[in-house]
Amino acid sequence: MGDMKVFVISLKRSVDRRERIKKQLDDASIEFEFIDAVDASIPNFTYSERRNEALTRKRFGYKLLDSEIACFSSHHIAWERCLLENEAVLILEDNCNISEQLKDYIQKLEFISPKFDFLKLCATKPKTFKNIEPIDDSYKIIRYLKRTCGIMGYIITPKAANAFISKASQFIEPVDDYMEKPYLHGITTYCTYPDLIFRAKIQSTIGTKRKDKTGITLLDKCYIESFRLYEQFKDLLVKAPY
């Protein structure tokens with residue numbers, strides 16, 4: 001194995017954010033390439049036709065913002081790049097901070113990546129977890145028992161990329177939720193512990209008014225809750241490899 005390729009998803013017009021993450025990676029001597037994020041401000045942006053507002057509203061009680069659809073599209077393009085490279089890659093968003101240890105662990109994570117097809121390097125909302133295996137005396141691989149949100153940094157293999165793409169003909173939920181639902185695509189989420197990257201204290205380009213459920217009826221709420229329980233049950237039926 002050679003050096004794992006690193007891709008940073010970033011809006012081309014977000015010059016300050018690009019300079020910020022570039023400096024961190026350059027200082028850490030980590031080679032990388034930008035993937036231009038899909039810009040929601042452009043009409044009919046890439047994969048914008050894959051939204052299904054009616055189904056999102058029915059299942060979850062909200063609608064996805066244009067920026068959330070564009071975020072999903074951006075990661076979809078990154079998965080396509082993983083397939084093109086035909087090897088595991090590290091994908092970062094430009095709103096992350098990297099730990100001092102990241103450089104030292106890239107090669108180790110590349111070596112074990114075929115065993116863990118989707119490996120997050122941080123958990124935005126950590127939950128109870130199961131220990132899977134040690135990486136060394138300082139870090140280990142774990143599996144959180146519930147979704148932890150956020151995909152600021154993750155390693156993905158072509159197997160996982162193909163699975164994610166094959167089930168994403170419609171964008172029904174935020175991309176980070178989608179990726180952590182194994183019943184949809186068969187890919188289990190694993191994570192490094194402690195985190196190897198962190199959320200930077202910079203404003204999100206997605207926006208803050210997300211998952212607005214105003215206007216839903218009692219009947220809507222009953223359906224949403226039943227679908228939530230259905231998803232939990234379906235995920236329980238998926239046997240995690242580890």
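Note that this is a predicted model, so its numbers are computed, not measured.

Some words on the packing of helix 2 (residues 53-60) against helix 8 (residues 218-237)
Each pair of packed helices can be described by the angle between their axes along with the distance between the axes.
Then, in step 1: Two elements in contact, helix 2 and helix 8, have axes whose closest approach is 6 Å; the angle formed by their N-to-C orientations is 85 degrees. The orientation of helix 2 with respect to helix 8, classified from their angle, is roughly perpendicular. Contact residues: Lys58, Arg59 and Phe60 in helix 2; Tyr223, Ile224, Phe227 and Glu231 in helix 8.

Quick word on the packing of aromatic side chains
Then, in step 1: This model, assessed by the stated rule, comprises 20 aromatic pairs.
Then, in step 2: Ring geometry for Phe129 versus Tyr193: centroids 4.9 Å apart, planes at 40 degrees, classification tilted. Separated by 64 residues along the polypeptide, Phe129 in strand 6 (residues 129-134) and Tyr193 in strand 9 (residues 190-193) bring together distant segments of the chain.
Then, in step 3: We classify Phe129 as partly exposed; its relative accessible area is 28%.
Then, in step 4: With a relative accessible area of 33%, Tyr193 lands in the partly exposed category.
Then, in step 5: For the ring pair Tyr183 and Tyr230, a centre distance of 6.2 Å and an interplane angle of 80 degrees mean the geometry is edge-to-face. With Tyr183 in helix 7 (residues 182-185) and Tyr230 in helix 8, the pair connects residues that are 47 residues apart, well separated along the chain.

Side note on the environment of Ser138
Then, in step 1: With respect to the helices and strands, Ser138 occurs in the loop between strand 6 and strand 7 (140-144).
Then, in step 2: Distance from Ser138 to Tyr193, taken between C-alpha atoms, is 8.6 Å for residues 55 residues apart in sequence.
Then, in step 3: Sequence-distant contacts of Ser138, that is, excluding residues within four places in its chain, are made with Tyr105, Tyr193 and Pro194.

A word on the environment of Asp176
Then, in step 1: Summarising the element assignment, Asp176 is placed in helix 6 (residues 175-179).
Then, in step 2: Classification of Asp176 by relative accessible area gives buried; the value is 14%.
Then, in step 3: Residues Asp176 and Cys71, spaced 105 residues apart in sequence, show a C-alpha to C-alpha distance of 9.5 Å.
Then, in step 4: Excluding residues within four positions of it along the chain, Asp176 makes contact with Cys149, Gly150 and Ile151.
Then, in step 5: Looking at Asp176, its side chain comes within polar contact range of the main-chain nitrogen of Gly150, at 2.9 Å.

Examining the nonpolar core
Proteins that are soluble and globular tend to have nonpolar side chains buried together.
Then, in step 1: Ranked by size, the top nonpolar core spans 38 residues in total, and within it Trp79, Ile91, Tyr154, Ile156, Phe164 and Met179 carry the most contacts.
Then, in step 2: Where this core is concerned, the elements lending two or more residues are strand 1 (5-10), helix 3 (66-85), strand 3 (89-93), strand 8 (153-156), helix 5 (158-166) and helix 6.
Then, in step 3: Sorting elements by how many residues they give to this core places helix 3 first, with seven residues.
Then, in step 4: Residues contacting Tyr154, with those up to four places away along its chain left out, are His75, Trp79, Val89, Leu90, Ile91, Phe118, Leu119, Lys120, Leu121 and Met179.
Then, in step 5: Within the second largest apolar cluster, 28 residues are counted, among which are Met4, Ile106, Ile112 and Tyr190.

Side note on the sheet that holds strand 1
Then, in step 1: A sheet is described by the order of its strands in space; here eight strands give the open sequence 2-1-3-8-5-9-7-6, paired in mixed fashion. Of all the strands in the sheet, the pair left with one neighbour each is strand 2 (33-36) and strand 6. Ignoring strand direction, the axes of neighbouring strands in this sheet form an average angle of 30 degrees.
Then, in step 2: Note: strand 7 against strand 9, three bridges, orientation antiparallel. In the strand pairing of strand 9, Lys140 is matched with Tyr193.

The rules behind the values
- Residues numbered from 1 in each chain as written.
- Predicted model: local features only at pLDDT ≥ 70, side-chain atom pairs only at ≥ 80, totals over all residues.
- Heavy atoms only, no water.
- Axes fitted to C-alpha atoms, helices over the stretch in contact; angles between N-to-C directions.
- Helix = DSSP H or I, 4+ residues; strand = E, 2+ residues; numbered from the N terminus.
- Parallel < 35°, antiparallel > 145°, perpendicular 65-115°, else oblique.
- Contact = heavy atoms within 4.5 Å.
- Phe/Tyr/Trp six-rings, centres within 6.5 Å; stacked < 30°, edge-to-face > 60°.
- Buried < 20%, exposed > 50% of the residue type's maximum accessible area, 1.4 Å probe, protein only.
- Polar contact = N/O pair within 3.5 Å; in protein donor to acceptor, adjacent residues only side chain to side chain.
- Core = buried A, V, L, I, M, F, W, Y, C linked by side-chain atoms within 4.5 Å.
- Pairing = 2+ DSSP bridges.

Coordinates in, geometry out; function isn't part of it.
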